[in-house]
Amino acid sequence: FFFQAEDGIRDQPRSRGLGDVYKRQILQQTGKALYSIKTEAPPVSFDISSNSACYALGTNDGSIIVRSMQQEEAPKETEEDFDNMMINTEGKQQSTSKNYRYFYRGTHIKAKDDEIKTAYTKKLTLQDYERYFKQFEYRAALLEAIKTNRPEVVCTILEETLQRNVVCIALSDMTIEQLQQVLAFLLSKIVNPKYSALLMEIASILLDMYSCVVGLSKKVDTQLEELRELLQKESTLQMNLIALKGMIETIQASSMGQSFASENTIYE
């Protein structure tokens, strides 16, 4: 059942070897390998005992290798042994464990008929803004989202209120302090290209709803004035960028026309 690589003889197709690596396989189990060995030098001779208990290899450097092929199987643990171990460990629990079974004690013990069985379900942990939004408290959800200082969360809440057509409910009936929080968020993120399209729409709705409170609070008036100046600067910047883009396109078009005319002159 071994392949000798020195003379190129392969005795059985169920045994495989290459160079100085040899494998022994079981005939009854479709080519399952028992083990493999690797020698330091190429073998030149081989012999096996009559009971297949051991074998010997001779290599070309003059050394002889004798190995035993009997493998002792580890005793299998039965269910009875496991139950006995669990019974013996009851009342003798220690703070330290020697193997992993310590952490699974009691999991295979069946409940008695007079015992009450309870099912354990792990509750999902929701953020405060998620809990308020789930309870249809849109204004509280928006304010809690602003407290997280995560603009993606706030914009997600605002987009969801727009889709549900409840954005007016989320922005209505705010106190001066709550209105200041919303305006502060708009001032910090409204010129960000990622959120500007959404926040411009929210700012328009907010100004329409709270136009009547202008002049009642100096802090709100200051924030509204800052928002106006910020939007005016951003509008001027966008107009200048559009004009610059038009000039660049004009220069590119003229340069392309000149290159096309020079090519025609060369061909003529």
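The rules behind the values
Residues numbered from 1 in each chain as written. Predicted model: local features only at pLDDT ≥ 70, side-chain atom pairs only at ≥ 80, totals over all residues. Heavy atoms only, no water. Pairing = 2+ DSSP bridges. Helix = DSSP H or I, 4+ residues; strand = E, 2+ residues; numbered from the N terminus. Axes fitted to C-alpha atoms, helices over the stretch in contact; angles between N-to-C directions. pLDDT = per-residue confidence, 0-100. Contact = heavy atoms within 4.5 Å. Polar contact = N/O pair within 3.5 Å; in protein donor to acceptor, adjacent residues only side chain to side chain. Phe/Tyr/Trp six-rings, centres within 6.5 Å; stacked < 30°, edge-to-face > 60°. Buried < 20%, exposed > 50% of the residue type's maximum accessible area, 1.4 Å probe, protein only.

Draft legend 1. Main features of the sheet that holds strand 6 (residues 43–48). Spatially, three strands are ordered 6-7-8 in an open sheet, and the strand pairing comes out antiparallel. Edge positions in the sheet fall to strand 6 and strand 8 (64–68), since each has one partner strand and no second. Adjacent strand axes in the sheet meet at a mean angle of 15°, parallel and antiparallel pairs treated alike. Summarising the sheet, strand 6 and strand 7 (residues 54–59) pair through five bridges and their orientation is antiparallel. Bridge assignment links Asp 47 to a residue of strand 7, and that residue is Ala 56.

Draft legend 2. The arrangement of the confidence of the model for the chain in detail. Across the chain, the average pLDDT comes to 77, with 71% of residues at 70 or higher. Put simply, strand 1 (residues 3–4) is where the chain has its lowest mean pLDDT, 39, and helix 3 (residues 138–147) is where it has its highest, 94. Ignoring residues within four places in sequence, the model shows residues 1–18, a span with pLDDT below 50, making 39 contacts including any to other chains.

Draft legend 3. Representation of the side chain of Thr 161. Within the fold, Thr 161 resides in helix 4 (residues 151–163). Engagement of the side chain of Thr 161 in a polar contact is seen with the backbone oxygen of Leu 158, the distance being 2.6 Å. Excluding residues within four positions of it along the chain, Thr 161 makes contact with Phe 133, Tyr 138, Val 166, Val 167 and Ala 170.

Draft legend 4. Fine view of the packing of aromatic side chains. Applying the stated criterion across every chain, the model contains two aromatic pairs. Judged by centre distance (5.2 Å) and plane angle (75°), the ring pair of Phe 133 and Tyr 138 falls under edge-to-face. Each member of the pair, Phe 133 together with Tyr 138, is buried. Here Phe 136 and Tyr 138 contribute two aromatic rings whose centre-to-centre distance is 6.4 Å and whose plane-to-plane angle is 70°, an arrangement assigned as edge-to-face.

Draft legend 5. Focus on the pairing of strand 7. Between the antiparallel neighbours strand 6 and strand 7 lie five residues, among them Ser 52 with a positive phi of about 60°. Relative to strand 8, strand 7 runs antiparallel, the two sharing five bridges. Bridging across to strand 8, Tyr 55 finds its partner in Arg 67. Count of turn residues in the strand 7/strand 8 antiparallel hairpin: four residues, of which Gly 62 carries a positive phi of about 90°.

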